[in-house]
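# Tertiary structure, described
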Amino acid sequence: MAARDRFTSGIECPNCGQKGVLHMSEDDHPYMRNPHREVDEIEGEFTTFVSKGVDVAVTCIKCNANFAY
Ligand SMILES: [Zn+2]
């Protein structure tokens, strides 16, 4: 059984300065080095995808800038 940790994180586009909030959750498993992270909800004009369960790649829809959370 693995509980899911939920947290939010403010993000800001380094290019145009748009601000948003990521609502994320991840498996809370003490034996896993790389918790499986998922983005549940995004506030702001951003899209995201999770690469190999660790880093969250964020794309700003307004200016197409890519950055990593
Ligand atoms: Zn932007």
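Each remark here, short or long, concerns the structure printed above.
Parameters at a glance
Residues numbered from 1 in each chain as written. Predicted model: local features only at pLDDT ≥ 70, side-chain atom pairs only at ≥ 80, totals over all residues. Helix = DSSP H or I, 4+ residues; strand = E, 2+ residues; numbered from the N terminus. Buried ≥ 20, exposed ≤ 12 C-beta atoms within 10 Å, placed from the backbone. Contact = placed C-beta atoms within 7 Å. Pairing = 2+ DSSP bridges. Axes fitted to C-alpha atoms, helices over the stretch in contact; angles between N-to-C directions. Core = buried A, V, L, I, M, F, W, Y, C linked by C-beta atoms within 7 Å.

### Structural notes on the overall build of the protein
The number of helices and strands found in the protein is zero helices and six strands. The helix and strand sequence of the protein, counted from the amino end, reads β-β-β-β-β-β. A total of 69 residues make up the protein; the buried ones form 10% of that total. Sequence-distant contacts, at least 24 apart, represent 29% of the contacts inside the protein between residues at least 6 apart.

### Quick look at the sheet that holds strand E6 (residues 66-68)
If you trace the three strands from one edge of the open sheet to the other, you get E4-E5-E6, paired in antiparallel fashion. Each of the sheet's edge strands pairs with one partner strand only, and the pair in question is strand E4 (46-51) and E6. Each adjacent strand pair in this sheet contributes to an overall mean axis angle of 25°, direction not counted.

### Section: the sheet that holds strand E1 (residues 3-12)
For sheets, the rule is that strands pair by backbone hydrogen bonds, running either parallel or antiparallel. Within the open sheet, the three strands sit side by side as E1-E2-E3. Their pairing is antiparallel. One side of each edge strand has no neighbouring strand; the edge strands of this open sheet are E1 and strand E3 (37-43). If you compare each strand with its neighbour and ignore which way they point, the axes differ by 25° on average. In terms of strand pairing, E1 meets strand E2 (residues 19-28) through 10 bridges, oriented antiparallel.

### Looking at the environment of Cys63
For Cys63, the position within the fold is in the loop between strand E5 (55-60) and E6. Dropping the residues within four chain positions of it, Cys63 is found in contact with Cys13, Asn15 and Cys16.

### Details of the nonpolar core
In this structure, Ile11, Cys13, Leu22, Met24, Phe46, Val58 and Cys60 together form the largest nonpolar core, which totals seven residues. Those elements that provide at least two residues to this core are E2 and E5. If near-sequence neighbours (up to four positions away) are discounted, Met24 is found in contact with Phe7, Ser9, Arg37, Glu38, Val39 and Asp40.

Treat this as a map of the structure, not an account of what it does.
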